[in-house]
Amino acid sequence: MSDDVIIPVDPATGTALEPVPAATAEDVRAAVERAREAQLAWRFTPPDERAVALRRVADALESRADEIGSTITSEMGRVRAESVPEVAKS
């Protein structure tokens, strides 16, 4: 990661949010390479194992729906009544 940061702004209020580290071009290349490698493994993962993994992701999203919905609201300016259900739909 670079020393640079991105300061997101709540579009509804104009309030600056917590800074996040900015990725470098090398960070992006490395992430893409890891994703490619993971896809190769996923490709050969049996459907029942995929289902278990996806259920774990769904459970994690569901357990944090309020928190993630709040982040969506503050970063995108969406109303909370739309943001939290969006997490559940994911």
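About the criteria used
- Residues numbered from 1 in each chain as written.
- Predicted model: local features only at pLDDT ≥ 70, side-chain atom pairs only at ≥ 80, totals over all residues.
- Heavy atoms only, no water.
- Helix = DSSP H or I, 4+ residues; strand = E, 2+ residues; numbered from the N terminus.
- Rg over C-alpha atoms; globule rule 2.2 N^0.38 Å.
- Buried < 20%, exposed > 50% of the residue type's maximum accessible area, 1.4 Å probe, protein only.
- Contact = heavy atoms within 4.5 Å.
- Areas by Shrake-Rupley, 256 points an atom, 1.4 Å probe, with all protein chains shown as cover.
- Axes fitted to C-alpha atoms, helices over the stretch in contact; angles between N-to-C directions.
- Parallel < 35°, antiparallel > 145°, perpendicular 65-115°, else oblique.
- Left-handed = near helix turned anticlockwise from the far one by under 90°.
- Nonpolar A, V, L, I, M, F, W, Y, C, P; charged D, E, K, R; others polar.

K.L.:
I would appreciate a short explanation of the overall build of the chain in the present structure.
P.N.:
When you go through the chain residue by residue, the secondary structure sums to four helices and two strands. For the chain, the sequential pattern of α-helices and β-strands runs β-β-α-α-α-α. Here the C-alpha radius of gyration of the chain, 17 Å, is well above what a compact globule of 90 residues would show, namely 12 Å. Overall, the C-alpha framework of the chain stretches about 45 × 35 × 15 Å when taken along its three principal axes. Sorting the 90 residues of the chain into buried and exposed places 12% on the buried side. Taking the intrachain contacts of the chain between residues at least 6 apart in sequence as the baseline, contacts between residues at least 24 apart amount to 22%. If you sum the accessible surface of the chain, you get close to 7000 Å²; carbon and sulfur atoms cover 58% of it.

K.L.:
Would you take a moment to explain the environment of Thr-71 for this structure?
P.N.:
Along the chain, the position of Thr-71 falls in helix α3 (residues 65–76). Between the alpha carbons of Thr-71 and Leu-17 there is a distance of 10.0 Å; along the sequence they are 54 residues apart.

K.L.:
Would you take a moment to explain the packing of α3 against helix α4 (residues 80–89) for this structure?
P.N.:
A pair of packed helices can be characterised by two numbers: the angle between their axes and the separation between those axes. Axis separation between α3 and α4 bottoms out at 8 Å; the angle between their running directions is 130°. Considered as vectors, α3 and α4 are oriented oblique to each other. Regarding α3 and α4, the two cross each other, and that crossing is right-handed. Along its contact with α3, which presents Ala-65, Asp-66, Ile-68, Gly-69, Ser-70, Ile-72 and Thr-73, the element α4 presents Arg-80, Ser-83, Val-84, Glu-86 and Val-87. Its residues assigned to classes, the contact of α3 with α4 shows five nonpolar, four polar and three charged.

Purely geometric stuff here, so don't read any function into it on its own.
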